Amino acid sequence: MLRLSGSDMQPGYRGELRVLVAARRTGLGQVRAYLAADIIRRLSERSGLTATVVDLLPDSAGELRAVCGELNIHPPRHTLTPPVTAEQLAGQFADRIREPVFDVGVRAGPAEPAVAGLARQWIEVAGWAAGAGDAAASGLRERLGLGEEPLSVRLNLMRHGYGQAIGRGGDPGGAAKTIARWRELVAGWARSPSGPMSRRYGEAIGAAIADDLDTAAALGELAALADDPDVADGVKFETFAAADLLFGLDLARDIGR
């Protein structure tokens, strides 16, 4: 189990958490690995850490980078070209990394033998339920079903734990409707008197993601907040805006429209 708070996860260097992404297969599992790294980065920065994300040069890198951009997944700070040894890694990043050890590793598909020992803790990311469809080297955007609202795919993926297999299809239409509704609500709440963010919901959302990247539980808290009649609209606005720094769904996009 991954914990990004407490004693189970300590940054290797003060103020820095390093994340190594090794997702050599193409397809959903690969995208989910980058999404997991992105969520770790967002949570780390919210906690005051600088997150350094490094990846191994993936197959179809150009298409993958474009898809990740549409999903609001930030690109890695550094990219390594396999094969890479621990010594090469240490030499390449000698100015920033004093030893060839990463704090967190995220991988999908077969492990990279050359880097298997570089991460203190690996996150194994599940792909398709049956593992099918991950081998094709092109058409990633179409296979993921990215349409007019690409972030519906991001929401759909976050509705599952990173270790939970996802069957084909999912519910991108329902996710798109949820995003549209939340954006409409946020735009309406923005016109209400402001208030401090909800401590109860804010802490619950942050705690869920910090405990084994439980994005499904965190999204459940956000949905409960939206429908809670006892929370003022201004408080809902501030809480949604803060939570979206973790979720990356552009929920404040329609304010003022």
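Quick note: structure is the one above.
Residues numbered from 1 in each chain as written. Predicted model: local features only at pLDDT ≥ 70, side-chain atom pairs only at ≥ 80, totals over all residues. Heavy atoms only, no water.

## Quick notes on the packing of aromatic side chains
We describe a pair of aromatic rings using the distance from one ring centre to the other and the angle between the two ring planes. The criterion, for reference: Aromatic pairs are defined between Phe, Tyr and Trp rings, using the six-membered ring for Trp, whenever the two ring centres lie within 6.5 Å; interplanar angles under 30 degrees are classed as stacked, those over 60 as edge-to-face, and all others as tilted. Secondary structure is summarised from DSSP: a helix means a run of H or I of at least four residues, a strand means a run of E of at least two, and numbering begins at the N terminus for each. Any residue under 20% of the maximum accessible area for its type is buried, any over 50% is exposed, and the rest in between are partly exposed; the area is computed with a 1.4 Å probe on protein chains only. Criterion for a charge above a ring: Lys NZ or Arg CZ within 6 Å of the ring centre, and within 35 degrees of the ring normal.
A full pass over the atoms with the stated rule returns two aromatic pairs. Note on Trp182 and Phe240: the rings are 5.8 Å apart at their centroids and 80 degrees apart in plane angle, and the pair reads as edge-to-face. Of this pair, Trp182 sits in helix α6 (residues 172-189) while Phe240 sits in helix α9 (residues 233-247), and the two are 58 residues apart along the sequence. Owing to a relative accessible area of 1%, Phe240 belongs among the buried residues under this scheme. Taken together, a centroid distance of 5.0 Å and an interplanar angle of 70 degrees make the contact between Trp189 and Phe240 edge-to-face. Note that Trp189 is positioned in helix α6 and Phe240 in helix α9, a separation of 51 residues in sequence. Here Trp189 and Phe240 have matching classes, each one buried. Above the plane of the ring of Trp122 lies Arg107, whose end atom (NZ or CZ) is 4.4 Å from the centre. One residue, Arg200, lies across the ring of Tyr201, its end atom 4.3 Å from the ring centre.

## Describing the packing of helix α1 (residues 28-46) against helix α5 (residues 151-158)
Filter applied, for reference: Each axis is a line fitted through C-alpha atoms, taken for helices only over the stretch in contact, and angles between the N-to-C directions span 0 to 180 degrees. An angle counts as roughly parallel when it lies under 35 degrees, as roughly antiparallel when it exceeds 145, as roughly perpendicular when it falls between 65 and 115, and as oblique in every other case. Should any heavy atoms of two residues lie within 4.5 Å, those residues are counted as being in contact. Amino acid classes used here: Ala, Val, Leu, Ile, Met, Phe, Trp, Tyr, Cys and Pro are nonpolar; Asp, Glu, Lys and Arg are charged; the rest, including Gly, are polar.
Where α1 contacts α5, the axes come no closer than 11 Å and their chain directions differ by 85 degrees. Relative to α5, the element α1 is oriented roughly perpendicular. On α5, the residues that touch Leu28, Val31, Arg32, Leu35, Asp38, Ile39 and Arg42 of α1 are Arg154, Leu157 and Met158. Residues that form the contact of α1 with α5 fall into these classes: six nonpolar, no polar and four charged.

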